[in-house]
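Structure assessment
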Amino acid sequence: MTSRPHLAIAYTLGMLVFLLCGCVDDQGRGAMHESVSQCFAAYPFKKGSAYERFNCIALAHQHYGPAAMGPGYGLITQVDQASLSIGQDVDSGALDLPEAETALYWVTIKAQQAAQHPRS
């Protein structure tokens with residue numbers, strides 16, 4: 001997977017979209033999605049800006065909260081926290097970008113599985 005980083009990134013983003021697909025998003029105004037999109041534009045996924053990117057996304061999710069995000073809010077918050085940790089590791093040099101993409105992939109896979117098979 002790391003030999004094709006653009007596919008890993010696309011898949012990871014697809015998983016995040018999957019998690020967000022059930023969200024109410026501020027009664028359909030799309031403000032939260034716009035806010036998150038601005039984070040992706042402002043902070044490319046690279047060493048030196050990885051943490052800022054994920055922090056921006058986490059802050060947008062936190063700002064709009066569970067009312068905008070729907071029942072997946074808890075899972076998305078967990079993904080945000082894992083992403084922040086991965087961003088710190090990228091920025092510090094502990095992870096290179098292919099390793100980080102793999103870590104993000106597994107974080108989103110676990111979240112997708114939890115969303116598909118919620119505990120009763």
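Residues numbered from 1 in each chain as written. Predicted model: local features only at pLDDT ≥ 70, side-chain atom pairs only at ≥ 80, totals over all residues. Heavy atoms only, no water.

1. A closer look at the overall build of the protein
Just so we agree on the cut-off: Helix and strand assignments follow DSSP, with helices taken as H or I runs no shorter than four residues and strands as E runs no shorter than two, numbered in order from the N terminus. Working definition: with a 1.4 Å probe on protein chains only, accessible area under 20% of the residue-type maximum means buried, over 50% means exposed, and in between means partly exposed. Any two residues whose heavy atoms approach within 4.5 Å at even a single point are treated as in contact. Here the accessible surface of atoms and residues is derived via Shrake-Rupley with a 1.4 Å probe, and residues count as covered only by protein chains that are part of the display.
Counting its regular elements, the protein contains 6 helices and 0 strands. A burial count over the protein gives 36% of its 120 residues as buried. A separation of at least 24 residues holds for 68% of the contacts in the protein among residues at least 6 apart in sequence. Surface summary for the protein: the accessible area is close to 6900 Å², and the carbon and sulfur share equals 56%.

2. What to know about the state of the cysteines
Rules: Two cysteine sulfurs form what is called a disulfide whenever their separation falls within 2.5 Å.
In the structure shown here, the tally under the stated rule is 1 disulfide. Covalently, Cys39 is tied to Cys56 through a disulfide, its sulfur atoms 2.0 Å apart. When the S-S torsion is -75°, as for the bridge of Cys39 with Cys56, the disulfide is left-handed. Here Cys39 is found in helix H3 (residues 31–42), whereas its partner Cys56 is found in helix H4 (residues 50–69), with 17 residues between them in sequence. Given a relative accessible area of 23%, Cys56 falls into the partly exposed group.

3. Section: the environment of Lys47
Its location among the elements puts Lys47 in the loop between H3 and H4. Residue classification places Lys47 among the exposed positions, given a relative accessible area of 55%. What Lys47 contacts, discounting residues up to four positions off in sequence, is Val90, Asp91, Gly93 and Leu97.

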